[in-house]
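Report on the structure
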Amino acid sequence: MSFESAMARLGGTSISVGSVEACSMAKGETLADTIRVVSGYADAIVIRHPKEGAARLASEFATVPVINAGDGAGQHPSQTLLDLYTIRQTMPIDGIDIALIGDLRYGRTAHSLASALSLYHARLHTISPKGLELPATMAAGLAEKGMEIIEHNDIKDVIDIVDVLYITRIQRERFPDSASYFNVASSYRITPELLAGAKKHLIVLHPLPRVDEIDPRVDVSPHARYFEQSKNGVPVRMAMLMQVLQ
Amino acid sequence: MTTTESSENEGLLVRRIKNGTVIDHIDGGEALNVVKILGITGTTQEALSIATNVPSRNMGRKDIVKLANRELSKEEVDRIALISPRATINIIRNFKVCEKKGVEIPDLIEGLVRCPNPGCISNTNEPIRSRFRVLPEGLHCCYCDWVITRDITGHII
């Protein structure tokens, strides 16, 4: 929706395919063919797809620029640009301590953000349920770039040292039953009580939509930035579209 | 496997070939994987000889593959380097070794290895071949960024 809003504000129009089920792919058409066809209809393609690497494949078959708007559990680079922009509105990004919380294994927003932050000498504090940790190869790649990654068991362990809390949704389908999901999800919840021990300038970010990860009482806290972050998605995506269309 | 049948072949575990390719110094036990990588199947028309765990002064034990009447290209044999970097290739013409070369690990391999990530777009019906960059830490999927760090042979298509 934010890409459509961005395109409209630039004075252009967009054709939304909707879900995979709603287009020719539901009839068995390959993504490669869909991309070839849509290349003839549009000046740029923004793709969100459930498979990792889908945007790269699309770029091989497209004759117009392709923007990756999320590929499975892979990457979400446009989200990362707006995340960085939101952080920079409050503080310089260089050298920050940031906590990545939630599903770091399948969370594409966390993957892209961690990768981008490795360019800024940021220190990464990771807090995730067992089995949903940052993929080992990704952690090794970030460490090779010189990034310090510290694993923690509890948000309370880092609340007084981090500048940014970046929390992502934990999906129910990752757990065998509802009881174990609620048990884990409740331990990854940001509350006003937790934030009482935070640095004054700490900001809380979330790619949204949220479920139970952030107590609604946090919304009025000066630390809350997630709706601002979401709003920033429009100008950042306008900039991206301008960049590829020029 | 053939046994020694003539004085000329004495000491040889596998008969000499007149024309074709001999892949020597394959890591012990990897010959069948080499054959798989080269895409040589049971339907091949040419004589194929495989010797495994042959005593070797330098390697302890090694495998040898001899393929009659087919000269393998450099691109084909370089794929072998992934599992057996010490392998040497001998092109045979009229019983003589005409070319002898080592294998070089390629920068990119296509259509040889399946990405182990079930969510990777290369594991769908798309009209593409798998593509991996060869890095010091392993094989890096060009589509989903998955890195195969071990058991490469287990992922050969």
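Position labels on residues start from 1 in each chain and follow its written sequence. For naming, the first written chain is A and the first written ligand is 1, with later ones following in the order written. pLDDT decides what is reported in this predicted model: residues at 70 or higher carry local features, side-chain atom pairs at 80 or more are listed and counted, and totals for whole chains, interfaces and linings draw on all residues regardless.

**Quick look at the overall build of chain B**
Filter applied, for reference: Every helix listed is a DSSP run of H or I at least four residues long, and every strand listed is a run of E at least two residues long, numbered separately from the N terminus. Note on burial: count the other C-beta atoms lying within 10 Å of the residue's C-beta; 20 or more is buried, 12 or fewer is exposed, in between is partly exposed, and C-beta positions come from the backbone.
Check the secondary structure of chain B and you find two helices and nine strands. Ordering the α and β elements of chain B from the N terminus gives β-α-β-β-α-β-β-β-β-β-β. Taken along its principal axes, the extent of the C-alpha atoms in chain B is 60 × 30 × 25 Å. A buried classification covers 31% of the 157 residues belonging to chain B.

**Structural notes on the overall build of chain A**
Condition: The reference for a compact globule is 2.2 Å times residues^0.38; the radius of gyration itself is calculated from the C-alpha atoms. Two residues form a contact once the distance between their C-beta atoms, set from the backbone, is within 7 Å.
When helices and strands are counted, chain A shows nine helices and seven strands. Expected size for 246 residues packed as a compact globule is a radius of gyration near 18 Å; at 19 Å, chain A falls within 12% of this value. When the 246 residues of chain A are sorted by exposure, 38% land in the buried category. Counting contacts in chain A only where the partners sit at least 6 residues apart, residues at least 24 apart contribute 66% of the total.

**Considerations on the nonpolar core**
If you look at soluble globular proteins, the nonpolar side chains tend to sit buried side by side. Cut-off, in case you're wondering: The term nonpolar core refers to a set of buried Ala, Val, Leu, Ile, Met, Phe, Trp, Tyr and Cys residues connected through C-beta atoms within 7 Å.
Ranked by internal contacts, the top residues of the largest apolar core, which has 53 residues, are L57 and A58 of chain A together with I23, V34, V65, C141 and Y143 of chain B. Sorting elements by how many residues they give to this core places helix α3 (residues 54-61) of chain A first, with five residues.

**Some details on the interface of chain A and chain B**
Our working definition: When residue character is reported, Ala, Val, Leu, Ile, Met, Phe, Trp, Tyr, Cys and Pro are called nonpolar, Asp, Glu, Lys and Arg charged, and the others, Gly included, polar.
Listed by partner, the interface residues are 13 residues for chain A and 14 residues for chain B. Mapped onto the side of chain A that touches chain B, the elements with two or more residues apiece are α2 (31-39) and α3 of chain A. In terms of residue count, α3 of chain A provides more of the side of chain A that touches chain B than any other element does, three residues in total. Split into classes, the residues belonging to the side of chain A that touches chain B amount to five nonpolar, five polar and three charged.

**Side note on the domain arrangement of chain A**
How we decide: Where each domain begins and ends follows an automated or database-derived domain assignment.
For chain A, the domain assignment lists domain 1 (2-72) and domain 2 (77-230). Here domain 1 of chain A and domain 2 of chain A have C-alpha centroids that lie 28 Å from each other.

**Details of the sheet that holds strand β3 (residues 97-101) of chain A**
Residues and elements named next belong to chain A. What counts is decided by this rule: Each pair of strands is called paired provided DSSP finds at least two bridges between the two strands. Geometry is summarised by axes, namely lines fitted to C-alpha atoms with helices restricted to the contacting stretch, and by angles between N-to-C directions that run from 0 to 180 degrees.
Overall, parallel pairing links the five strands, which are arranged β5-β4-β3-β6-β7 in an open sheet. Unpaired on one side and paired on the other, β5 (148-152) and β7 (203-205) mark the two borders of the sheet. Direction aside, the axes of adjacent strands within the sheet are offset by 20° on average. As defined by bridge partners, β3 adjoins strand β4 (residues 123-127) across five bridges and the pair is classed as parallel. Bridge pairing in β4 places I101 opposite I127.

**Things to note about the domain arrangement of chain B**
Residues and elements named next belong to chain B. Parsing chain B into structural domains produces domain 1 (20-102) and domain 2 (108-155). Listed as interface residues are five residues of domain 1 and, on the opposing side, four residues of domain 2. In terms of residue class, the side of domain 1 that touches domain 2 is made up of three nonpolar, one polar and one charged.

**Topic: the sheet that holds strand β6 (residues 108-110) of chain B**
Adjacent strands of a sheet form backbone hydrogen bonds with each other and so pair up, either parallel or antiparallel. All names here are of chain B. Taken in spatial order, the four strands make up an open sheet running β6-β7-β8-β9, and their pairing is antiparallel. The strands lining the two open edges of the sheet, one partner per strand, are β6 and β9 (147-148). With four bridges connecting them, strand β7 (residues 131-135) and strand β8 (residues 138-141) associate as antiparallel partners. The residue of β8 that forms the bridge with F132 is C141.

**Some words on the pairing of β5 of chain A**
Residues and elements named next belong to chain A. Defined as follows: Viewed with both strands pointing away, a crossover whose connecting path from the first strand over the helix to the second turns clockwise is right-handed.
Pairing of β4 with β5, which is carried by five bridges, proceeds in the parallel orientation. Note on β5: the bridge partner recorded for H125 is I150. With respect to chirality, the unit in which β4 leads through helix α6 (residues 136-144) into the neighbouring parallel β5 is right-handed.

**A few points about the packing of α2 of chain A against α3 of chain A**
Residue and element names in this part refer to chain A. What counts is decided by this rule: Geometric relationships in this document are graded by angle, where less than 35 degrees denotes roughly parallel, more than 145 denotes roughly antiparallel, 65 to 115 denotes roughly perpendicular, and other angles denote oblique. Definitions for this section: a left-handed crossing has its near helix turned counterclockwise from the far helix by less than a right angle. A right-handed crossing has that turn clockwise.
Closest axis-to-axis distance for the α2/α3 pair is 9 Å, and the angle between their directions is 50°. One element, α2, and the other, α3, form an angle in the oblique class. Along this stretch, α2 crosses α3, giving a crossing that reads as right-handed. Contacts from L31, A32, I35 and R36 in α2 reach A54, L57, A58 and F61 in α3. For the contact of α2 with α3, a count of residues per class yields seven nonpolar, no polar and one charged.

**So, the confidence of the model for chain B**
Residues and elements named next belong to chain B. The condition that has to hold: The pLDDT value tells you how sure the predictor is about a given residue, anywhere from 0 up to 100.
Residues with a pLDDT of 70 or more make up 91% of chain B, whose mean pLDDT is 86. For chain B, helix α2 (residues 74-78) is the element with the lowest average pLDDT, namely 80, and β7 is the one with the highest, namely 94. Considering only residues more than four positions removed or in separate chains, one finds that residues 1-9, a stretch of pLDDT under 50, has eleven contacts. The ipTM assigned to the predicted complex is 0.86, against a pTM of 0.82.

**Some remarks on the environment of G72 of chain A**
Inspection of the secondary structure assignment puts G72 of chain A in the loop between β2 (66-71) and α4 (77-90). Taking the C-alpha atoms as reference points, G72 of chain A and P50 of chain A, separated by 22 residues in sequence, lie 4.1 Å from one another. Filtering out sequence-adjacent residues up to four positions away, G72 of chain A remains in contact with H49, P50, K51 and E52 of chain A together with G119 of chain B.

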